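Per-entry structural report
These are the residues of each chain, in order.
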Amino acid sequence: MIAALCVALALAAQDAPGPDARSVSLERVFPFWTDYHALPADERSAFTLDYVISLRGGADAQFWVETADGFEVLERDPAGAATPPPPEAFEAGQRLFTDAPEGGASVSMRLSLAGEPRETYTIAELETAVAQAGNAMRSLMGLRAMFMPRLETVRFSFDGAAPGAVIVFEDGRQAPVETVFGDVITIRPQDRALRGAVEVRFGAVPQEAVLETSR
């Protein structure tokens, strides 16, 4: 038991890739990261570009970023989300190393509301996030953006069943949020039904708030 624990701790503390680790360019793993940071700060203040690294088949793997001084472990949260290194690492041609088997990991991108999730959001800040993200996509994707669905929805996901939620209007009137789907609540800030709305209040803090195209 003690020997197994020591081995587990040693693996968890491994701060450099082994000789069999594979490497790939940072730009290939984290596309658009440098483009996102090249946008003026006031054009990306309301949303963030996130990356989620998923492991297939229950595989366990570590990831390291090459640096001028060696390697740094790329941390992932329980959902697999990881923050890429700063753009300077991309410009220096540094690489990402992993001991994941070939085809054992995949990376997906998502656009999220900036800041930590909370129970109350103003409709204005949701509108700003959707508008900024849409403008950024058009800027980064060029003509390809013309053939992509528009970002219009904010998806709030919760730990367990979605709580009660209300929309508050300018005149103080409140209405229950009806777009509840299991553990998810969706809000379309520009929806006609939200005309005159000033904020949305949730009965619990969401786990994440992701910007999506309307289905």
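So, here is what we can say about the structure in this document. (Residues numbered from 1 in each chain as written. Predicted model: local features only at pLDDT ≥ 70, side-chain atom pairs only at ≥ 80, totals over all residues. Heavy atoms only, no water.)

**Describing the pairing of strand β10 (residues 165-169)**
Counting buried positions along β10 gives 4 out of 5 residues, so the element sits mostly inside the fold. Here β10 folds back onto strand β11 (residues 174-176), and the loop between the two strands holds 4 residues, one of which, Gly172, carries a positive phi near 90 degrees. (Buried < 20%, exposed > 50% of the residue type's maximum accessible area, 1.4 Å probe, protein only. Helix = DSSP H or I, 4+ residues; strand = E, 2+ residues; numbered from the N terminus. Pairing = 2+ DSSP bridges.)

**Remarks on the pattern of salt bridges**
One pass over the structure, following the stated rule, counts 9 salt bridges. With its nearest N and O atoms 3.5 Å apart, the salt bridge here joins Glu102 to Arg22. Of this pair, Glu102 sits in the loop between β6 (95-98) and β7 (105-113) while Arg22 sits in strand β1 (residues 22-25); the two residues are 80 residues apart in sequence, bridging distant segments of the chain. Residue class for Glu102 comes out exposed when judged on its relative accessible area of 69%. Asp50 is the partner of Arg110 in a salt bridge, and the nearest nitrogen-oxygen pair spans 3.6 Å. Highlighted residues: Arg110 in strand β7 and Asp50 in strand β2 (residues 47-55), separated in sequence by 60 residues. For Asp50, a relative accessible area of 18% gives the class buried. (Salt bridge = Lys/Arg side-chain N within 4 Å of Asp/Glu carboxyl O.)

**Brief notes about the sheet that holds strand β9 (residues 151-157)**
With respect to topology, 7 strands assemble into an open sheet ordered β5-β2-β7-β15-β9-β13-β12, the strand pairing being antiparallel. Every interior strand has two partners, whereas the edge strands, β5 (81-82) and β12 (180-181), have only one. As paired elements, β9 and strand β15 (residues 208-213) share 6 bridges and run antiparallel to each other. Looking at the pairing, Val154 lines up with Leu211 of β15.

**Description of the sheet that holds strand β8 (residues 120-122)**
The strand order across the open sheet formed by 4 strands is β8-β14-β10-β11, and the pairing between neighbours is antiparallel. Edge positions in the open sheet fall to β8 and β11, since each of these has one partner strand only. Across this sheet, the average inter-strand angle for adjacent strands is 20 degrees, counted without regard to direction. One ladder, built from 5 bridges, connects β10 with strand β14 (residues 197-202); its direction is antiparallel. Each residue of the ladder has a partner; that of Phe169, found in β14, is Ala197. With respect to the sheet, helix α5 (residues 123-141) is in contact with β8 and β14, its orientation differing from that of β8 by roughly 70 degrees. (Axes fitted to C-alpha atoms, helices over the stretch in contact; angles between N-to-C directions. Contact = heavy atoms within 4.5 Å.)

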